[in-house]
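Chain by chain, the residues:
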2 protein chains.
Amino acid sequence: MKIQEIDTPALLVDLDAMEHNLACMAGFFADKPAKLRPHFKNHRVISLARRQLEAGAIGMTVSTLREAEILVEHGITEILLANEIAGDLKIRHALEISAYSGLILAVDNASVVRDMGRLSRDRGVGLRVLVDVNLGLDRCGVSNPEAAADLARLAAAEGLQVHGVMGYEGHLQVLKPGPEKNERCRDATGLLLACAEAIRDQGIRAPIVSTGGTGTYYLAGNTPGVTEIQAGTYLVSDTAYVEYGALFRRSLTMLATVVSATDGSAVLDCGLKVISAERGLPCLKGIDGVRLKVLHAVHGLVDCSCSPGCLTVGKHVELWVYYSDGTINLHQKMYGVRGENVEEVFTIER
Amino acid sequence: MKIQEIDTPALLVDLDAMEHNLACMAGFFADKPAKLRPHFKNHRVISLARRQLEAGAIGMTVSTLREAEILVEHGITEILLANEIAGDLKIRHALEISAYSGLILAVDNASVVRDMGRLSRDRGVGLRVLVDVNLGLDRCGVSNPEAAADLARLAAAEGLQVHGVMGYEGHLQVLKPGPEKNERCRDATGLLLACAEAIRDQGIRAPIVSTGGTGTYYLAGNTPGVTEIQAGTYLVSDTAYVEYGALFRRSLTMLATVVSATDGSAVLDCGLKVISAERGLPCLKGIDGVRLKVLHAVHGLVDCSCSPGCLTVGKHVELWVYYSDGTINLHQKMYGVRGENVEEVFTIER
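Keep in mind that this is a model prediction, so the values were computed, not measured.

Draft legend 1. Molecular detail of the interface of chain A and chain B. Contacts between the two partners involve 50 residues from chain A, matched on the other side by 51 residues from chain B. Here chain A and chain B share an interface that buries about 3,800 Å² over both sides, 52% of which is from carbon and sulfur atoms. Summed over the shared surface of chain A and chain B, the result is 4 salt bridges. For Lys273(A), the salt bridge identified is with Asp325(B), shortest N-O distance 3.4 Å. Across the chain A-chain B interface, the total number found is 22 residue pairs in polar contact (both at pLDDT 80 or more).

Draft legend 2. Structural detail: the relation of the copies chain A and chain B. Laying chain A over chain B is done by rotating through 180 degrees and shifting 0.0 Å along the axis; what remains is an RMSD of 0.0 Å. These values place the two chain copies in the arrangement generated by a two-fold rotation axis. Taking C-alpha positions as reference, the residue of chain A nearest the rotation axis is Glu278(A), located at 2.7 Å. Comparing interface residues between copies, 100% of those in chain A also lie at the interface in chain B; the contact surface is shared.

Draft legend 3. Summary view of the pattern of salt bridges. All names here are of chain B. With the rule as written, the count across this model stands at 40 salt bridges over all chains. Between Arg121 and Glu158 there is a salt bridge whose closest N-O contact spans 2.8 Å. Remark: Glu158 occurs in the loop between helix H6 (145-157) and strand E7 (161-167) and Arg121 occurs in helix H5 (residues 110-123); sequence separation between them is 37 residues. Taking the relative accessible area as the measure of exposure, Arg121 reaches 52% and is therefore exposed.

Draft legend 4. The environment of Asp201(A), seen in detail. Residue and element names in this part refer to chain A. Here Asp201 lies in the loop between helix H8 (179-200) and strand E8 (208-211). Asp201 sits in the exposed class, given a relative accessible area of 60%. The spacing of Asp201 and Val13 is 188 residues in sequence and 47 Å in space, taken between C-alpha atoms.

Draft legend 5. Region of the structure containing the packing of helix H4 (residues 88-98) of chain A against helix H5 (residues 110-123) of chain A. Residue and element names in this part refer to chain A. As a packed pair, H4 and H5 sit with axes 10 Å apart at the nearest point and diverge in direction by 50 degrees. With respect to their mutual orientation, H4 and H5 come out oblique. Considering only the axes of H4 and H5, their crossing is right-handed. Along its contact with H4, which presents Asp88, Ile91, Arg92, Leu95 and Glu96, the element H5 presents Val112, Asp115, Met116, Arg118, Leu119, Ser120 and Arg123. For the contact of H4 with H5, the class distribution of residues is 5 nonpolar, 1 polar and 6 charged.

Draft legend 6. Seen up close, unusual backbone geometry. Residues and elements named next belong to chain A. Omega for the bond connecting Thr8 with Pro9 falls within 30 degrees of zero, at -5 degrees, which places this linkage in the cis form. Topologically, Pro9 is positioned in the segment before strand E1 (10-14). The backbone of Ala206 sits at a positive phi, close to 45 degrees, despite the residue not being glycine. Residue placement: Ala206 occurs in the loop between H8 and E8. Judged by its relative accessible area of 1%, Ala206 is buried.

Draft legend 7. Main features of the nonpolar core. Counting residues in hydrophobic clusters, the biggest one holds 220 residues, and the most contacted among them are Leu105(A), Met116(A), Met334(A), Leu105(B), Met116(B) and Met334(B). Not counting residues within four places of it along the chain, the set of residues in contact with Met334(B) comprises Leu11(B), Val13(B), Val45(B), Leu48(B), Leu252(B), Ile328(B), Glu344(B), Val345(B), Phe346(B) and Ile348(B).

Draft legend 8. Quick look at empty space enclosed by the protein. All told, the structure shown has 1 cavity of 30 Å³ or more when counted by the stated rule. A volume near 110 Å³ is recorded for the largest cavity. For the largest cavity, the lining is made up of 13 residues, of which Leu272(A), Glu278(A), Leu330(A), Glu278(B) and Leu330(B) are closest to its centre. Broken down by class, the residue content of the lining of the largest cavity amounts to 5 nonpolar, 5 polar and 3 charged.

Draft legend 9. Region of interest: the sheet that holds strand E4 (residues 79-84) of chain A. In space, the 8 strands of this open sheet follow the order E2-E9-E8-E7-E6-E5-E4-E3 (chain A), with parallel pairing throughout. Only two strands of the sheet have a single partner each, and these edge strands are strand E2 (35-36) and strand E3 (60-62) of chain A.

Draft legend 10. Region of the structure containing the packing of aromatic side chains. If you walk through the whole model with that rule in mind, you get 12 aromatic pairs over all chains. Between Phe28(B) and Phe29(B), the aromatic rings sit 4.9 Å apart at their centres with planes inclined by 85 degrees, giving edge-to-face as the arrangement. Phe29(B) carries the same exposure label as Phe28(B), and that label is buried. The ring of Phe28(A) is capped by Lys32(A), whose NZ or CZ atom sits 4.1 Å from the centre of that ring. Its end group placed over the ring of Trp320(B), Arg250(B) keeps NZ or CZ at 4.1 Å from the ring centre.

Draft legend 11. Fine view of the state of the cysteines. All names here are of chain B. This structure, assessed with the given rule, holds 0 disulfides over all chains. The structure places no disulfide on Cys195, whose sulfur is separated from the nearest cysteine sulfur, that of Cys140, by 15 Å. Classification of Cys195 as buried rests on a relative accessible area of 0%. Note on Cys270: no disulfide assigned, nearest cysteine sulfur contributed by Cys283 at a separation of 12 Å.

Draft legend 12. Spotlight on the pairing of E1(A). Residues and elements named next belong to chain A. Burial analysis of E1 places 4 of its 5 residues in the buried class, the great majority of the element. By the bridge criterion, 4 bridges tie E1 to strand E10 (residues 252-261) in an arrangement that is antiparallel. Bridging from a neighbouring strand, Ala10 pairs with Leu255 of E10. In this sheet, strand E16 (residues 333-338) lies alongside E1 in parallel orientation, the contact comprising 3 bridges. Among the inter-strand pairings, Asp14 is bridged to a residue of E16, identified as Val337.

Draft legend 13. Inspection of the environment of Ala148(B) at higher detail. All names here are of chain B. By secondary structure assignment, the location of Ala148 is in helix H6. Residue classification places Ala148 among the buried residues on the basis of a relative accessible area of 0%. Here the alpha-carbon distance between Ala148 and Gly213, two residues 65 residues apart in the chain, equals 22 Å. With residues up to four places along the chain from it excluded, the contact list for Ala148 reads Val131, Val142, Cys195 and Ile199.

Draft legend 14. Representation of the environment of Leu247(B). Mapped onto the elements, Leu247(B) comes out in the loop between helix H10 (239-243) and strand E10 (252-261). Through-space distance from the C-alpha of Leu247(B) to that of Gln4(B) is 30 Å; in sequence the pair is 243 residues apart.

Draft legend 15. Broad picture of the sheet that holds strand E3 (residues 60-62) of chain B. All names here are of chain B. Ordered by their spatial adjacency, 8 strands build an open sheet running E2-E9-E8-E7-E6-E5-E4-E3, and the pairing between neighbours is parallel. Looking at strand neighbours, the two that pair on one side only are strand E2 (35-36) and E3, the edges of this open sheet. Summarising the sheet, E7 and strand E8 (residues 208-211) pair through 4 bridges and their orientation is parallel. For Val165, the partnering residue across the bridge sits in E8 and is Val209.

About the cut-offs
Residues numbered from 1 in each chain as written. Chains lettered and ligands numbered in written order. Predicted model: local features only at pLDDT ≥ 70, side-chain atom pairs only at ≥ 80, totals over all residues. Heavy atoms only, no water. Contact = heavy atoms within 4.5 Å. Buried area = accessible area lost by both parts, 1.4 Å probe. Salt bridge = Lys/Arg side-chain N within 4 Å of Asp/Glu carboxyl O. Polar contact = N/O pair within 3.5 Å; in protein donor to acceptor, adjacent residues only side chain to side chain. Least-squares fit on C-alpha atoms with pLDDT ≥ 70 in both. Helix = DSSP H or I, 4+ residues; strand = E, 2+ residues; numbered from the N terminus. Buried < 20%, exposed > 50% of the residue type's maximum accessible area, 1.4 Å probe, protein only. Axes fitted to C-alpha atoms, helices over the stretch in contact; angles between N-to-C directions. Parallel < 35°, antiparallel > 145°, perpendicular 65-115°, else oblique. Left-handed = near helix turned anticlockwise from the far one by under 90°. Nonpolar A, V, L, I, M, F, W, Y, C, P; charged D, E, K, R; others polar. Core = buried A, V, L, I, M, F, W, Y, C linked by side-chain atoms within 4.5 Å. 1 Å grid on protein atoms, 1.4 Å probe; cavity = no way out; pocket = protein on both sides within 12 Å on 5 of 7 lines; lining within 4 Å. Points joined across faces, edges and corners; volume = space filled by probe spheres on them. Pairing = 2+ DSSP bridges. Phe/Tyr/Trp six-rings, centres within 6.5 Å; stacked < 30°, edge-to-face > 60°. Lys NZ or Arg CZ within 6 Å of the ring centre and 35° of its normal. Disulfide = S-S within 2.5 Å.

Now the structure itself:
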């Protein structure tokens, strides 16, 4: 199958660029004590997770229990759920998955830890947890080593297996590489390591220190004491991470068709139902000066006044995906392309 | 099943509010020459389309060929695709669907009309079209009666069945009710009717004049000569349309769980992968002063500094959906609730 035969709108991934990213990241971790546990939430494609594991990843990170379940259904069982859960329904679901996997959960709250202890004892299944630490993103996580130690002690008393700490410095992913970023990442990782130390001071082994993303892996991954990095977007990459200064190649594009045009403008058959503009507008690939103005539900409106008539009705165009997480989430499949050929159609799990 | 037993995040539709909206809209059209052809793109739920048809709708409007195909697969065959298509692949797909339905397509471009004529003759299947008119949204459509007449004449010469005109005044949906809106809608509908007239002057019957949305149905639907209204969002409604001044009841909420909290803030397990913030941030239902600050991929960050401690971990909250089109698109199912009971689980087609 050729790209020209794909019905639009369609999500494409350039296999050369993606494989370059896979190899780059694997190369970085090859000689490091820290290892990669890539985030499955970004692509949710089983065969891509397998490629990441074959390239040296020690397991997968997920954002929801459903994602954990999908991995377990496909035989991938070393999983970190890097988000909090709450409520008996969720904890019971986590216990079910834990019975068949090495699922590790993040905790930052004493009442949830008590609920986990109670339900874990009821069910007779152990639960593994990391204490989540707020590294400045101000989303989830305990705020200091004392709180981390208190929560870990409670978890251990409740019979949970405390495997260590995690912290996601999401606010630092977006900083351009340079001295400020280096310093702030060092501080964030320092806090995380201090929390791990405080937990170990309680006589709890806590071997795991998990942090980092596509924008900070090279800093956190080089810090002694850090054992795992959660980067996910690196594999397909997107315009957002290129703007943040990440060195990976963008591989994701949206294939669209011009369905209406005047001299100075054109309308594409791709809107916000198939490509995310939540964090920034996609831009056209390989057409200088022509600019996507706005996305409606199923239309993309393009200004081509700088090059009147360049987008004729029926023409195929590609747009660089700005935000890969939000865009892949809108699709059921993704076409793996090399040059003009479609080599593979990836199923995006839900 | 009770709401409290639903795993979060989950999309809920309040059946009382939705049925109120269904009845209101049906009541409006009961004694009008104009009829409703509601937009399926908003909910993509077959049983809701059936309810709309039972309440008097004369068919469905869709935004993509895939949506048309879904309807035909479920025996709903009176369909208007209110968007342009282009390219042989799409036209062949439209021909397949047309062989089993009364599909009507929108056209605004001579080269597509010629392609449709050629492929229609090849296949021996007729194609029905409306000439799309630009009513000021500046997206698709021809711009004046002369251009409409030219395109209709070409379409007829190509053997297509010209059923009339359509035009979507999307830019006027968002205006608050009042004299300015009335006047601008009158102008827009006037242009559309003039285009219909110009086509009829060519000896083409062109019975259909289709326009309007949830924000303008009461103006366009009361205009002599207008035969169909495309409103879709009215059924479930959303915060955006309430802000535009529409009189329908919001019925859509996102059920979420508090997964992390401090005194002044809380984190919900719903982010932009399950609720759209493309056009505005959702707000919490029934909790005054507490404000959603931002959506991350799978988290919603809430400021509850005005009422410290009100959102404890494990608590369920509901958020009013701001943009229903973009939000329903993120889900596979929607829970139909009445009071605390789940009465029905709707499948959202893809």
